Every structure is written in structure tokens, then in C-alpha cells.
Amino acid sequence: MNVKTVINAIKGCGIAAFTAAVLVLALGFAAFSSRDPDKMLGVYAYAALYAGAVAGGFAAVRLNRSDGLACGGLTGAFYASVITLVSFFVEGGGLFFTVGIFLTLVGAAAAAGFAGLPKAVSAEKRRLMLLEGRKLPKAADRNLPGQKRK
């Protein structure tokens, strides 16, 4: 793991927190406009929490362009650490309550990071791109079938 991965994981944590804050506001308004807001408020809060982790893990790996599980997992760990620290200042929170949430947030962000990895260009598509004279993507310019390595 390098410095670029850590920096992009911190950026992903910021994206996760921003996404969760926007979703909490939107879903909070949706819950309070219903007849019984207490029923759905907890569900909406968890949905915003996990959607933020998924968005942060996906965005961090898109920024990093490699190390999907490591970058996504690190983003989830940073994000879950922030949520854990905040939960100590909220009534009903604490370490026991957040251990399970911490682990699932890291897992959700790591899974989203794996899903966010850029797709590789197939060998056939690279060959056709070379024949047509089009420029290859940066990651696709090496290991062409039938070519010697430089």
C-alpha cells in the first residue's frame, strides 16, 4: 500500500460522509413527512450510513484506479472510525453498539471498491484498436498478444 492509496482513501471517506449527510437530510424529510416517522427513521439512517460507505469505497477506488479491496477497505475503516468517534457523543452509542457496524461498513466499502475497479480491455479489443489506429488506454498498452516486451 502506498501514499496514493491512503490519500485516495481519505478522499473517499470525505465523499462517504458527504453522501451520508445528504441522504440523511433527504431521507429524514421523507420520514418526517409520513404519518409515523419513528417507524422508518432508523431504517433510513442505516440506509444512508451504508450507502455512504458504498459510495466512498467506489469513489476512492475510481480515484486510485488500483488496489480495489485495500483502498475500499481502508476507506471503510476511516469512515467507520469517524462514525465510531461520533457515536461516543450520541446517547445510546458506544463501542459495543458500533463494533458490528464498523465491520460491516469496512466490508461494504471494500466490496464497493472491488466493484469499482476499472475493467481491463480484452486482447481482441486491443488488437482491433491497434489495427484501427486508435490510442490504447494507459493500462492496455502492455502485454499485447504476439508482441515482445520492451
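Criteria and thresholds
- Along each chain, numbering runs from 1 in the same order as the chain's sequence is written.
- In view of the model being predicted, local features appear only for residues whose pLDDT reaches at least 70, and side-chain atom pairs are presented and counted only at 80 or more, with totals across whole chains, interfaces and linings using the full set of residues.
- With hydrogens and water set aside, each side-chain value is computed from the structure's full complement of heavy atoms.
- To qualify as a helix, a DSSP run of H or I must reach at least 4 residues; to qualify as a strand, a run of E must reach at least 2; elements of each kind are numbered from the N terminus.
- We call a residue buried when its accessible area falls under 20% of the maximum for its residue type, exposed when it is over 50%, and partly exposed in between, using a 1.4 Å probe and counting protein chains only.
- Whether two residues are in contact is decided by their heavy atoms, any of which lying within 4.5 Å being enough.
- Each patch groups residues whose relative accessible area exceeds 30% and which form no salt bridge, using 9 Å between like charges and 5 Å between nonpolar side chains of Val, Leu, Ile, Met, Phe, Trp and Tyr.
- Areas reported as accessible are Shrake-Rupley estimates using a 1.4 Å probe. Residue values count occlusion only from the protein chains shown.
- One speaks of a salt bridge when a side-chain nitrogen belonging to Lys or Arg is within 4 Å of a carboxyl oxygen belonging to Asp or Glu.
- In this tally Asp and Glu are treated as negative and Lys and Arg as positive; neither His nor the chain ends contributes.
- A single reference atom marks each charge: NZ on Lys, CZ on Arg, CG on Asp, CD on Glu.
- Here an axis means a line fitted to C-alpha atoms, over the contact stretch when the element is a helix, while the angle between two N-to-C directions is reported on a 0 to 180 degree scale.
- Roughly parallel here means an angle under 35 degrees, roughly antiparallel means over 145, roughly perpendicular means 65 to 115, and every remaining angle is called oblique.
- Here a crossing is called left-handed whenever its near helix is offset anticlockwise from the far helix by less than a right angle, and right-handed whenever the offset is clockwise.
- By the convention adopted, Pro, Cys, Tyr, Trp, Phe, Met, Ile, Leu, Val and Ala count as nonpolar, Lys, Arg, Asp and Glu as charged, and the other residues, Gly among them, as polar.
- Along the chain, pLDDT gives the predictor's confidence residue by residue, from 0 to 100.
- Here the expected span of a helix is defined as 1.5 Å times the quantity of residues minus one.

Draft legend 1. Expanded view of the overall build of the protein chain. The secondary structure content of the protein chain amounts to five helices and zero strands. When the helices and strands of the protein chain are placed in sequence order, the string is α-α-α-α-α. The burial tally for the protein chain puts 31% of its 150 residues in the buried class. A separation threshold of at least 6 residues defines the contact pool for the protein chain, and within that pool the share at least 24 residues apart is 68%.

Draft legend 2. View of a positive patch on the surface. A cluster of basic residues, Lys4, Arg62, Arg65 and Lys119, forms a positive patch at the surface. Tracing the chain through its elements places Lys119 in the loop between α4 (95–115) and α5 (123–132). Lys119 sits in the exposed class, given a relative accessible area of 69%.

Draft legend 3. Seen up close, the packing of helix α2 (residues 37–64) against helix α3 (residues 68–87). Orientation of α2 relative to α3, taken along the N-to-C sense of each, is 140°, at an axis distance of 8 Å. As the angle between them shows, α2 and α3 are arranged oblique. You can see that α2 and α3 cross each other, and the crossing is right-handed. Residue-level contacts link Ala48, Leu49, Gly52, Ala53, Gly56, Gly57, Ala60, Val61 and Asn64 of α2 to Gly68, Cys71, Gly72, Thr75, Tyr79 and Ile83 of α3. Tallied by class, residues from the contact of α2 with α3 come to eight nonpolar, seven polar and no charged.

Draft legend 4. Structural detail: the confidence of the model for the protein chain. Of the residues in the protein chain, 85% reach a pLDDT of 70 or more, and the chain-wide mean stands at 83. Of all the helices and strands in the protein chain, α5 carries the lowest mean pLDDT, 75, while helix α1 (residues 3–32) carries the highest, 93.

Draft legend 5. Looking closely at a nonpolar patch on the surface. Among the surface-exposed residues, Met1, Val6 and Ile10 lie close enough to one another that they form a single nonpolar patch of about 310 Å² accessible area. Summarising the element assignment, Met1 is placed in the segment before α1.

Draft legend 6. Representation of the packing of α1 against α2 in the model. For the pair α1 and α2, interaxial distance at closest approach is 7 Å and the crossing angle is 155°. Classed by the angle they form, the pair α1 and α2 counts as roughly antiparallel. For the pair α1 and α2, the crossing hand works out as right-handed. Partitioning the contact of α1 with α2 into residue classes produces 21 nonpolar, eight polar and two charged.

Draft legend 7. Summary view of α2. Here α2 is 28 residues long and its end C-alpha atoms lie 40 Å apart, about the 40 Å a rise of 1.5 Å per residue gives. Where α2 terminates, the next one or two residues include Arg65, which has phi positive at roughly 70°.

Draft legend 8. A look at unusual backbone geometry. Located in the positive-phi region is Arg65, a residue other than glycine, with phi close to 70°. With respect to the helices, strands and loops of the structure, Arg65 is situated in the loop between α2 and α3. Despite not being glycine, Asp67 shows a phi value in the positive range, around 55°. Among the secondary structure elements, Asp67 is positioned in the loop between α2 and α3. Residue Asp67 is classed as partly exposed on the basis of its relative accessible area, which comes to 40%.

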